[in-house]
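# Tertiary structure, described
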Amino acid sequence: MTSNKISWVEMVAALGVVASLVFVGFELRQSNQLARIQAQQSMGEAWSTVNLTMATDHELMVLMARMASGEIEADFEPGEIYSLYLVLHGLDHTWEMYFKQMQSGVLQKGDISFPPPNNRTFRSSFHRELWPNIRAGFDEGFAVFWEQRFGLVDE
């Protein structure tokens, strides 16, 4: 083979590699967009379920309202404390998952709106009492973010 023919073959091969890389990049971009859409849909469905549960479970709604109005652990019966523990622990972990998805790039800042710092559920005295007992079960980055957002630790 002459060097001219080899150059042609090398050029065609190089173009094939470039085209393959462009295709892989396009597929990766589509895959990332799909993951982001699925994460957003999952968030929406999860919060619809949470809201429906709160709206239709009168006992739980009353407990949450009492907690949000400032009642502390001593104001609740043992079964009520456990119910609130399960709700808060579950909600905290849900937000932790969203935080991790944002940190990993699956979700972007505009995809999620964390509860405002004045949120009565997460800033409640009850949550503040509960937090030291459950903190170790959370990712450190999220724990620090959550503590700063809702004043869960003494400064």
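Residues numbered from 1 in each chain as written. Predicted model: local features only at pLDDT ≥ 70, side-chain atom pairs only at ≥ 80, totals over all residues. Heavy atoms only, no water.

A few words now on the layout of surface pockets. Approximately 160 Å³ is the volume found for the largest pocket. In terms of lining residues, the largest pocket is bounded by eleven residues, among which Val-50, Met-54, Met-64, Leu-91 and Thr-121 are the most central. When contributions to the lining of the largest pocket are tallied by element, the ones reaching two or more residues are helix 1 (3–56) and helix 2 (58–68). Of the residues forming the lining of the largest pocket, the biggest block, four residues, is contributed by helix 1. For the lining of the largest pocket, a count of residues per class yields eight nonpolar, three polar and no charged. (1 Å grid on protein atoms, 1.4 Å probe; cavity = no way out; pocket = protein on both sides within 12 Å on 5 of 7 lines; lining within 4 Å. Points joined across faces, edges and corners; volume = space filled by probe spheres on them. Helix = DSSP H or I, 4+ residues; strand = E, 2+ residues; numbered from the N terminus. Nonpolar A, V, L, I, M, F, W, Y, C, P; charged D, E, K, R; others polar.)

A few words on the packing of helix 3 (residues 78–104) against helix 5 (residues 140–150). It is at 10 Å that the axes of helix 3 and helix 5 come closest, and there the two elements cross at 115 degrees. Our classification of the angle between helix 3 and helix 5 gives roughly perpendicular. Crossing hand, helix 3 versus helix 5: right-handed. Contacts from Asp-92, Trp-95, Glu-96 and Phe-99 of helix 3 reach helix 5 at Gly-141, Phe-142, Phe-145 and Trp-146. Classifying every residue of the contact of helix 3 with helix 5 gives five nonpolar, one polar and two charged. (Axes fitted to C-alpha atoms, helices over the stretch in contact; angles between N-to-C directions. Parallel < 35°, antiparallel > 145°, perpendicular 65-115°, else oblique. Left-handed = near helix turned anticlockwise from the far one by under 90°. Contact = heavy atoms within 4.5 Å.)

Attention now goes to a nonpolar patch on the surface. Judged by side-chain polarity, Trp-8, Met-11, Val-12 and Leu-15 come together as a nonpolar surface patch covering roughly 460 Å² of accessible area. Looking at where Leu-15 falls in the secondary structure, it is placed in helix 1. (Patch = residues over 30% accessible without salt bridge, like charges linked within 9 Å, V, L, I, M, F, W, Y side chains within 5 Å. Areas by Shrake-Rupley, 256 points an atom, 1.4 Å probe, with all protein chains shown as cover. Salt bridge = Lys/Arg side-chain N within 4 Å of Asp/Glu carboxyl O.)

Looking now at the pattern of salt bridges. Using the criterion set out here, one finds five salt bridges in the structure. Here Arg-135 makes a salt bridge to Glu-140, at a shortest N to O gap of 2.9 Å. The partner of Glu-147 in a salt bridge is Arg-135, with the nearest N and O atoms 2.3 Å apart. One end of the pair, Glu-147, is in helix 5; the other, Arg-135, is in the loop between helix 4 (125–134) and helix 5, with twelve residues separating them in the sequence. Take Glu-147: its relative accessible area is 8%, and that puts it in the buried class. A single salt-bridge network, built from bridges that share partners, covers Arg-66, Glu-71 and Glu-80. (Buried < 20%, exposed > 50% of the residue type's maximum accessible area, 1.4 Å probe, protein only.)

Note on placement: Gly-16 falls in helix 1. Given a relative accessible area of 33%, Gly-16 falls into the partly exposed group. With 50 residues separating them along the chain, Gly-16 and Arg-66 place their C-alpha atoms 66 Å apart.

So, on to the packing of aromatic side chains. One pass over the structure, following the stated rule, counts 18 aromatic pairs. Relative to Phe-145, the ring of Phe-142 lies with its centre 6.4 Å away and its plane at 50 degrees, an arrangement referred to as tilted. In this pair, Phe-142 and Phe-145 are both assigned in helix 5, three residues apart and thus about one turn of the helix distant. An aromatic cluster is present here, built from Trp-95, Tyr-98, Phe-99, Phe-114, Phe-122, Trp-131, Phe-138, Phe-142, Phe-145, Trp-146 and Phe-150 joined pairwise through their rings. (Phe/Tyr/Trp six-rings, centres within 6.5 Å; stacked < 30°, edge-to-face > 60°.)

Let's shift gears to helix 2. Residues three or four positions apart in an α-helix share a direction because the helix packs 3.6 residues into each turn. Looking at helix 2, one finds that the buried residues are Leu-60, Leu-63, Met-64 and Met-67. Here the buried residues of helix 2 occupy an arc of 95 degrees about the axis, which is enough to place them on one side. Where helix 2 begins, the capping side chain belongs to Asp-57, and its oxygen is found 3.2 Å from the backbone nitrogen of Glu-59. (Arc of directions from axis to C-beta. Polar contact = N/O pair within 3.5 Å; in protein donor to acceptor, adjacent residues only side chain to side chain.)

Turning to the environment of Val-153, a few remarks are in order. Tracing the backbone through its elements, the reader meets Val-153 in the segment after helix 5. Distance in space between the C-alpha atoms of Val-153 and Glu-129 is 9.6 Å, their sequence separation being 24 residues. Sequence-distant contacts of Val-153, that is, excluding residues within four places in its chain, are made with Arg-128 and Glu-147.

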